[in-house]
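Secondary and tertiary structure notes
Now for the letters of each chain:
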Number of protein chains: 2
Amino acid sequence: MKKILVFGAGRSATTLIRFLGDHTRKEQWQVTVADASGDLVQQKVDGYPNLDGVVANVTSAKERTALIKNHDFIISMLPWTLHALVAKDCLRLGKHLITASYVNADMRELAAKARKKGLFFMGELGLDPGLDHMSALRLIRQIKASGGHITSFHSYAGGLIAEESDTNPWHYKITWNPRNVILAGQGTAQYRDKGQLRLVPYHHLFGSAMPIAIDGKDRYEVYANRDSLKYISMYGLTGIPSIMRGTVRIRGFCKAWDALVKLGLTDSVTPLGVAESLTWKQLIAGLLPDNPSASVRSLCADYLGLSLDDVVMDQLAWLGLFSDQQIGDRGLAPADYLQNLLTDKWKLEPQDRDLVVMEHRIHFDKGGQSQEIRSSLHHEGSDQDKTAMADLVGLPLAHATRLFLNGQLNEVTLPVPFEPCIAEPILDALAGDGITFNETMSLSTDPPSFPSLSN
Amino acid sequence: MKKILVFGAGRSATTLIRFLGDHTRKEQWQVTVADASGDLVQQKVDGYPNLDGVVANVTSAKERTALIKNHDFIISMLPWTLHALVAKDCLRLGKHLITASYVNADMRELAAKARKKGLFFMGELGLDPGLDHMSALRLIRQIKASGGHITSFHSYAGGLIAEESDTNPWHYKITWNPRNVILAGQGTAQYRDKGQLRLVPYHHLFGSAMPIAIDGKDRYEVYANRDSLKYISMYGLTGIPSIMRGTVRIRGFCKAWDALVKLGLTDSVTPLGVAESLTWKQLIAGLLPDNPSASVRSLCADYLGLSLDDVVMDQLAWLGLFSDQQIGDRGLAPADYLQNLLTDKWKLEPQDRDLVVMEHRIHFDKGGQSQEIRSSLHHEGSDQDKTAMADLVGLPLAHATRLFLNGQLNEVTLPVPFEPCIAEPILDALAGDGITFNETMSLSTDPPSFPSLSN
């Protein structure tokens, strides 16, 4: 009887927990789900009498250690800042640990120590990071094995809303951590295009988004996703002329988000010295040229260089930026006020179905011929709880758990799922769940080239 | 015999240490200067056989405690992040402590505890913060005492370069912490203008600078300095229609700095995945639209909306942004590369004289008449070592030390120099050093109004 502990029962953990609940008998598992919120735990284990739910505060060393001590295999679905706490205990107490978060320098060091003790420590076992690596590296390996020479690697991904649930003018609802939605893209994006270094500062990022069709559906747009350059060495693509990872949105989002950035509403560092009774209209007026004779909406349109009937102005108005709604808190930063607003406006309704899309586009030369392969994933959720996001974050973790506990991951050496000995069986298992990539091959067209900054 | 310890012997400590050295005999002081750099200590105590110089690592609890234990009055000139270490020891060991840095929540709490033990703990005893508070509050008190009702408070300050040493096209050299120069203005500036909230996001801040004359010299410009709103309660100005603190530069600086912001060179959070052999021209090309047939300089001018012969283009070229100079390091953020470049290009030469300017402009109604008072400080340094910055940071600290040790600050209750019982004797002592404000009164003109954002 293997004892599995899941730390964190938030939205992304739904599918993972259901998978574990469905497999306890067959796999002879004993599974505990722990979260600080009793409601969340109850909601997740409901209908699974074979799952133990416990309320626990992970920041309490006593509660955390007591739980870890009593299990063999730990899955941390906690915010990434809490993984190190859990990892240190797992290392000390000799327990295996997996997460869906990036393996940072601290976690890499802990994983190396764990390996020496014969423990399985692995991160990046979710969607992005996770499935992105596994699916891209499978393609790269196949192309290289067949003698192809890769000249361009583009990879796009986005957590979106299914067409039938796309009911607001932003074409977006929040299906994952809202903080990450608000702060997306801050810093400088970096990629390589036809041998040239490309750097995109934050204040130009959303304005540089370009329209794109994925899996035949011509309704998306994509912007450069942070640091693509580090994937050159990570994916074994030294010398590649073009590499870019991009974030996908439904078309129309980026121009409006660019307006929020230009207005200054995504600053997360400056607590504003304003009263909670300030209205959104007054806050926006504060950010615009002072002209008491014009309406805030018309000043805003002028400031953004848009006509009053531009769809972006409707998107901003729909959020209530020109309304008398009060901001409702004191001393928050602009990004905090925006987050509070969007969490409400972009809430997933009970029957809403989310959507995850991912597409890799790889150009390569083979036998004197330029070719392109496109590999696309389109996966929709069922409702507010059974989301595509929860499926794609949870199932790689679930399969890694099952494979490891069945002794099928003994050859793994890295703390990330880059090796075929783990990526292939997980991808195969996902295919069994109906999660497959649609592949098309063609003679090469020009590689997808990104528009240059235009501001 | 009072024993004084100065922690930190950097550029801003020069005047303070000379003052202490000049007064040891008369005041019966024993003074120790401690710094991690033996060179800095030697340079500062050189010529003052009555000053003890010691090399000490302040982050070593043992070295720090040993030094503090052996003194009565501690002056911390360390970076502000290290003050708390020193303050905790001073509290435990029963020693007095002053600094020139902002009193944050941690230091405020330590100061309250220190007060209960009968200790003198005070921060904001330098130039800005320090002299700005003392001189502004003196004016505010005088106006209120004479029955005036204040309707507008503007206060401008800048650490600059004297006209005769202004030898580069930026009209700027580094006379204080270069990191603060690079990151100046990040976040959202906030002030109040004629009753209206004004918020200026970073990417518009330098473009919104306006020309200004100070003390009759029409060669400056000023931009909004972070959070002016908090000064409303700090300075007892509840309900004031207009309040703004501004940062002064010599005219021509802000438009060029705005170009650096627009290019994305002030991002301090994104390590770039580029080689140390990358040239500045290549780095700038990466930030611009891709057009291999145009020169980087001309692409840059187009991108910034400037003509090729705009003075800003000369300023950028003078920094070497279009040159084949290598960036010289791996994995730094754009702001780090920029800081390395500017620290070199904007170095103070041995005979260079720096300049500090400050001006308060207060409008008030009195006896049915609107009036304005302007109070201006213009103070130049002597050379690279004896800077105006070191004078104006060091002398308030020096006088506070002298006054306290002579028993003249017994009525002080706050951890900042806001009370007349400390501000007045310090301002009087500074006047004795030749540091005076030039005051002019006039019937009111319109209050200085800031241009609205124009981008």
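Note: the structure precedes this text.
In this report, the structure presented in the accompanying data block is examined. (Residues numbered from 1 in each chain as written. Chains lettered and ligands numbered in written order. Predicted model: local features only at pLDDT ≥ 70, side-chain atom pairs only at ≥ 80, totals over all residues. Heavy atoms only, no water.)

Tallying secondary structure elements over chain A gives 16 helices and 15 strands in all. Over its C-alpha atoms chain A spans a radius of gyration of 23 Å, differing by no more than 12% from the 23 Å that the globule rule assigns to 455 residues. C-alpha extents for chain A along the principal axes are approximately 75 × 60 × 40 Å. By residue count, 57% of the 455 residues in chain A fall in the buried class. Put simply, 72% of the contacts in chain A that link residues at least 6 apart link residues at least 24 apart. (Helix = DSSP H or I, 4+ residues; strand = E, 2+ residues; numbered from the N terminus. Rg over C-alpha atoms; globule rule 2.2 N^0.38 Å. Buried < 20%, exposed > 50% of the residue type's maximum accessible area, 1.4 Å probe, protein only. Contact = heavy atoms within 4.5 Å.)

What follows concerns the sheet that holds strand β4 (residues 73–76) of chain A. Residues and elements named next belong to chain A. Strand order in the open sheet made by the 6 strands is β3-β2-β1-β4-β5-β6, with parallel pairing throughout. Each end of this open sheet is capped by a strand with a single partner; those strands are β3 (51–55) and β6 (121–122). Here strand β1 (residues 2–7) pairs with strand β2 (residues 29–35) via 6 bridges, running parallel. Looking at the pairing, Lys2 lines up with Trp29 of β2. (Pairing = 2+ DSSP bridges.)

Turning our attention to the interface of chain B and chain A. One frequent convention defines the size of an interface as the accessible area lost when the parts assemble. Each partner contributes to the interface: chain B provides 36 residues, whereas chain A provides 36 residues. Summed over both sides, the interface of chain B with chain A buries roughly 2700 Å², with 54% coming from carbon and sulfur. Seen at the junction of chain B and chain A, the total is 0 salt bridges. Linking chain B to chain A there are 16 residue pairs in polar contact (both at pLDDT 80 or more). Elements with a minimum of two residues in the side of chain B that touches chain A: β8 (188–193), β9 (196–201), α8 (202–205), α10 (253–263) and α11 (280–287) of chain B. The residue makeup of the side of chain B that touches chain A, split by class, is 19 nonpolar, 13 polar and 4 charged. (Buried area = accessible area lost by both parts, 1.4 Å probe. Salt bridge = Lys/Arg side-chain N within 4 Å of Asp/Glu carboxyl O. Polar contact = N/O pair within 3.5 Å; in protein donor to acceptor, adjacent residues only side chain to side chain. Nonpolar A, V, L, I, M, F, W, Y, C, P; charged D, E, K, R; others polar.)

Residue and element names in this part refer to chain A. Residue Pro129 is bonded to the preceding Asp128 through a cis peptide linkage, with omega at 20 degrees. Tracing the backbone through its elements, the reader meets Pro129 in the loop between β6 and α6 (131–145). A positive phi angle is found at Arg226, which is not glycine, with a value near 45 degrees. With respect to the secondary-structure elements, Arg226 resides in the loop between β11 (217–224) and α9 (230–234).

Trp257 and Leu316 of chain B are the most contacted members of the largest nonpolar core, which totals 110 residues. Per-element tally for this core: the top contributor is α10 of chain B, with 8 residues. The next biggest cluster of nonpolar side chains, apart from the first, holds 109 residues, and it includes Ala189, Leu205 and Leu355 of chain A together with Phe364 of chain B. (Core = buried A, V, L, I, M, F, W, Y, C linked by side-chain atoms within 4.5 Å.)

Let us look at the packing of α6 of chain A against helix α16 (residues 420–432) of chain A. All names here are of chain A. Orientation of α6 relative to α16, taken along the N-to-C sense of each, is 105 degrees, at an axis distance of 10 Å. In this view, α6 runs roughly perpendicular relative to α16, as classed from their interaxial angle. Touching Leu131, Met134, Ser135, Arg138 and Arg141 of α6 are Pro420, Ala423, Glu424, Ile426, Leu427, Asp428 and Leu430, all from α16. Split by residue class, the contact of α6 with α16 holds 7 nonpolar, 1 polar and 4 charged. (Axes fitted to C-alpha atoms, helices over the stretch in contact; angles between N-to-C directions. Parallel < 35°, antiparallel > 145°, perpendicular 65-115°, else oblique.)

Nothing here speaks to function; it is geometry throughout.
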